[in-house]
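Here are the chains, one letter per residue:
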Amino acid sequence: MLPPAIRRMRQHFFPALVLGLLIALTLGCGSGSAHTEPAQTAFPAATVPLTKLSSDPYTNSTSQHATEVEPDTFAFGSTIVTAFQVGRIHGGGASDIGFATSTDAGTTWNSGFLPGITTFQDGGTFTAASDASVAYDAAHGMWLIASLGLNPPGPAKVLVTRSPDAINWGNPITVTTTGDADKNWIVCDNTSTSQFYGHCYIEWDDVNSGDLVKMNTSADGGLTWGSALSTADGAHGIGGQPLVQPTGKVIVPITGGVFGSMLAFSSSDGGASWSSAVTVSSITDHTEAGHLRSGPIPSAEIDANGTVYVVWADCRFRTNCSSNDLVLSTSADGGTWTKPARIPIDPTTSTVDHFIPGVAVDPATSGSSAHLTLTYYYYLVSNCGTVCQMGVAFVSSQDGGQTWSAPVELAGPMSTSWLPNTFSGLMVADYISTSYVNGNAFAIFAVAKAPSGSTLDEAMYTTTSPLAAAVAAHFSSRNERPVPNAKSDHGSAKFYDLDHEHPIPPKKKSLRRSARR
């Protein structure tokens, strides 16, 4: 017979141990579709210290001041660079492209404005600039910012601005010679063992050709660019984000058609040719309230082994498409993709609406140990009417997106009435961005504050310290299924571009139908 002390330990300790193990398995590994993530009922206090990176210095009458919108980021070594629009113009683009650079892993920052693009900065010739994205070419030791130069009603041009130190930037180089470019994105092959090491790629779409997808390639640090090439099947889409696997294969997730599906295409020959597009998934999305400019454009990243992670806003898990979740699909080869999984930020019974994601993957991690951080905007109440309150938050995963942390508030609430207006809605961004530098995640995002008279107050911010990795509760959506027959809560898009400058022609009525009328 066991001594009394041992019997008491067995009676009290072992049941507690079993219960603890069950809780750990439920929270740490995800078990089925039961959810323990709490529903948000109020905006949490934003207690994470922020650093303001830049502000709009321009005074031109064509812009809405003081505004900064739509950042991208890229990190290499201890350097992280962000680029964004400064002085948003209602009809499209901004006064210039701003940048902010940290060469000490996010501790201190330098900021400025790219020269020679617009008439408002160092003798440029364009009346507006837009759609900044950042890359680094390790083979040539060159930082690159791609952007659009706008001269309405003339066609937009894809530009590239170069810098060896990410602080001193040269005048722009024109990439495109034909078409009317929109939503460009840049990436470089930085794997020294790749046969295409030093190749850089820019994706864009030609709105004059119904968003026909185009790709340009450079092999000399962005000085010169080859001819624009289409995919093998002439795919149409918008908002592509090219990524390069360690083998040198380029994979480009992109919203297909006019926001109807998520597609992907690739190149295995250094950009000499591009494959036909494959379908990642259909898109089922909710229209944000508050006249907010948003859409299901992908945010895409890649891990150390070459697995691609794509996140977008989607309402397929919500009854009546009442609000958007953020969903994740992954692929090892760009051809076969996992079914979209809901990122369990809030229960599907909540009123929270999630949108404009910026996902990051630590490039030193991979597979089931990949570290992910996802920053996003959200409404606490989806059907918030004509003026809404908006927050910025992040979640993280330490197991390749299988389980996720509870959300952490970064900023807000901010009123949509504090945002600059565009043809297609009030704007913080079409995309935002998060990047890992030396294993630590930093997000760059626009924060709006109450205006002073007619002058707005929207600027670029980051966190003073890295975003904290998940260490507590982990939530899973494993085994969840979409709502049967889920459909978007809106009709087909009416414009090829997000500035609503290129309308989609209405379908022609048949003669027979017209005769009956």
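Residues numbered from 1 in each chain as written. Predicted model: local features only at pLDDT ≥ 70, side-chain atom pairs only at ≥ 80, totals over all residues. Heavy atoms only, no water.

### A look at the overall build of the protein
Helix and strand counts for the protein stand at two helices and 28 strands. On C-alpha atoms alone, the protein measures out to a radius of gyration of 23 Å, which is about the 24 Å that the 2.2 N^0.38 rule sets for 517 residues. Projected onto its principal axes, the C-alpha coordinates of the protein cover approximately 90 × 65 × 50 Å. Among the 517 residues that make up the protein, the fraction classed as buried is 56%. Here the contacts in the protein between residues at least 6 apart in sequence split such that 59% fall between residues at least 24 apart. As presented, the protein carries roughly 20,200 Å² of accessible surface, and 56% of it is formed by carbon and sulfur atoms. Placing the 27 positive and 41 negative side-chain charges of the protein at their respective mean positions leaves the two points 14 Å apart. (Helix = DSSP H or I, 4+ residues; strand = E, 2+ residues; numbered from the N terminus. Rg over C-alpha atoms; globule rule 2.2 N^0.38 Å. Buried < 20%, exposed > 50% of the residue type's maximum accessible area, 1.4 Å probe, protein only. Contact = heavy atoms within 4.5 Å. Areas by Shrake-Rupley, 256 points an atom, 1.4 Å probe, with all protein chains shown as cover. Lys, Arg positive; Asp, Glu negative; His and termini not counted. Charge placed at Lys NZ, Arg CZ, Asp CG, Glu CD.)

### Thoughts on the nonpolar core
Judged by nonpolar contacts, the single largest core of 41 residues is most densely connected at Tyr377, Met390 and Phe445. Those elements giving two or more residues to this core turn out to be β3 (79-88), β22 (353-361), β23 (372-379), β24 (389-397), β25 (408-415), β26 (433-437), β27 (440-452) and β28 (455-463). Looking at this core, the element that brings in the most residues is β27, giving eight residues. (Core = buried A, V, L, I, M, F, W, Y, C linked by side-chain atoms within 4.5 Å.)

### Points about the pairing of strand β19 (residues 308-314)
Of all seven residues in β19, seven are buried; the element is thus mostly enclosed. With four bridges connecting them, strand β18 (residues 299-302) and β19 associate as antiparallel partners. What sits directly across from serine 299, in β19, is valine 311. The antiparallel hairpin formed by β18 and β19 contains five residues in its connecting segment, where glycine 306 sits at a positive phi of about 100°. Examined bridge by bridge, β19 and strand β20 (residues 325-331) share seven bridges and lie antiparallel to one another. Pairing of valine 308 across the sheet is with serine 331, part of β20. (Pairing = 2+ DSSP bridges.)

### Points about the confidence of the model for the protein
The predicted model of the protein has a mean per-residue pLDDT of 91, with 91% of residues at 70 or higher. Confidence drops under pLDDT 50 across residues 1-35; counting only partners more than four residues distant or on other chains, this segment forms 31 contacts. Here residues 510-517 scores under 50 on pLDDT; set against residues more than four positions off or in separate chains, the count is two contacts. (pLDDT = per-residue confidence, 0-100.)

### Some thoughts on the sheet that holds β22
An order of β22-β23-β24-β25 is seen for the four strands of this open sheet, with the pairing classed as antiparallel. Each end of this open sheet is capped by a strand with a single partner; those strands are β22 and β25. The mean inter-strand angle of the sheet, taken between neighbouring strand axes irrespective of direction, is 15°. Here eight bridges tie β23 to β24, and the two strands are oriented antiparallel to one another. Considered in β24, the bridge of tyrosine 378 is made with glycine 391. (Axes fitted to C-alpha atoms, helices over the stretch in contact; angles between N-to-C directions.)

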